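Here's the letter readout for the chains.
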Amino acid sequence: MNEFFANYGMMLVWLAVSILIPAIEAVTSDMVTIWFWPGALVALVLSIWVKLFWVQLLVFFALSVICLLIVRAYFKKHPRKKESGAMNADSVIGKRGIVTERINNLLGTGAVRVGGLVWTARSADGSEIEPETVVEIKEIVGVKLFCSPVDSISSYHQKN
């Protein structure tokens with residue numbers, strides 16, 4: 001048994017590391033450990049012929065750093081394209097909604113229905129806006145929509 005570990009111990013260690021790294025990566029999904037996987041595979045193969053642990057470890061770290069630098073350089077040169085549309089709360093900016101509760105910035109009241117959801121609202125220019133008025137969303141701060149009245153109800157249907 002001692003002879004088995006003396007001959008194949010490091011190979012088993014590198015095999016375990018080669019299996020563990022993708023398992024950790026699958027759980028994190030942030031490309032945290034994947035850089036080490038090629039190094040672990042090469043160290044596994046190297047452990048068949050080279051019995052010196054420090055040589056295996058040096059190759060493991062050197063190849064891992066090289067992989068990290070190559071992939072970082074690639075992503076700097078080819079950045080990921082941004083999504084074409086706004087996501088989450090920002091998606092309501094530019095849309096139109098209908099005031100459901102009088103908007104009065106001084107009293108801190110107001111609500112607007114946009115896309116089936118009712119949002120707390122404030123007037124973008126500080127004016128008071130009556131219920132049933134069609135408004136355009138100018139910006140969102142926290143959970144409050146800042147909006148301005150638009151001309152007609154037909155413009156509500158054009159924008160939504």
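Here is what the cut-offs are and how they apply
Residues numbered from 1 in each chain as written. Predicted model: local features only at pLDDT ≥ 70, side-chain atom pairs only at ≥ 80, totals over all residues. Heavy atoms only, no water. Pairing = 2+ DSSP bridges. Helix = DSSP H or I, 4+ residues; strand = E, 2+ residues; numbered from the N terminus. Phe/Tyr/Trp six-rings, centres within 6.5 Å; stacked < 30°, edge-to-face > 60°. Expected span 1.5 Å × (residues − 1). Buried < 20%, exposed > 50% of the residue type's maximum accessible area, 1.4 Å probe, protein only. Patch = residues over 30% accessible without salt bridge, like charges linked within 9 Å, V, L, I, M, F, W, Y side chains within 5 Å. Areas by Shrake-Rupley, 256 points an atom, 1.4 Å probe, with all protein chains shown as cover. Salt bridge = Lys/Arg side-chain N within 4 Å of Asp/Glu carboxyl O. Axes fitted to C-alpha atoms, helices over the stretch in contact; angles between N-to-C directions.

Where strand β1 (residues 96–104) meets strand β2 (residues 109–114), 4 bridges bridge the pair, whose relative direction is antiparallel. The residue bridging Val99 from the neighbouring strand is Val112, located in β2. Connecting the antiparallel pair β1 and β2 is a turn made up of 4 residues, with Gly108 showing a positive phi of about 75 degrees. Bridging between β2 and strand β3 (residues 117–123) involves 4 bridges; their strand directions are antiparallel. Looking at β3, one finds that Ala111 is bridged to Thr120.

Per the stated rule, a full pass over the model turns up 3 aromatic pairs. One aromatic cluster is present, formed by Trp14, Phe36, Phe60 and Phe61 through successive ring pairs.

The subject of this paragraph is helix α3 (residues 53–77). End to end, α3 covers 36 Å across 25 residues, agreeing with the expected 36 Å (1.5 Å per residue, within 8%). Looking only at α3, the buried set comprises Gln56, Phe60, Ser64 and Cys67.

All right, on to a nonpolar patch on the surface then. Nonpolar side chains collect at one region of the surface, where Tyr8, Leu12, Leu15 and Ile19 lie side by side and expose about 370 Å² of accessible area between them. Positionally, Leu12 belongs in helix α1 (residues 2–28).

Pairing is mixed around the closed barrel formed by 5 strands, whose spatial order is β1-β2-β3-β5-β4. Within the sheet, the average angular offset between the axes of one strand and its neighbour, ignoring direction, is 50 degrees.

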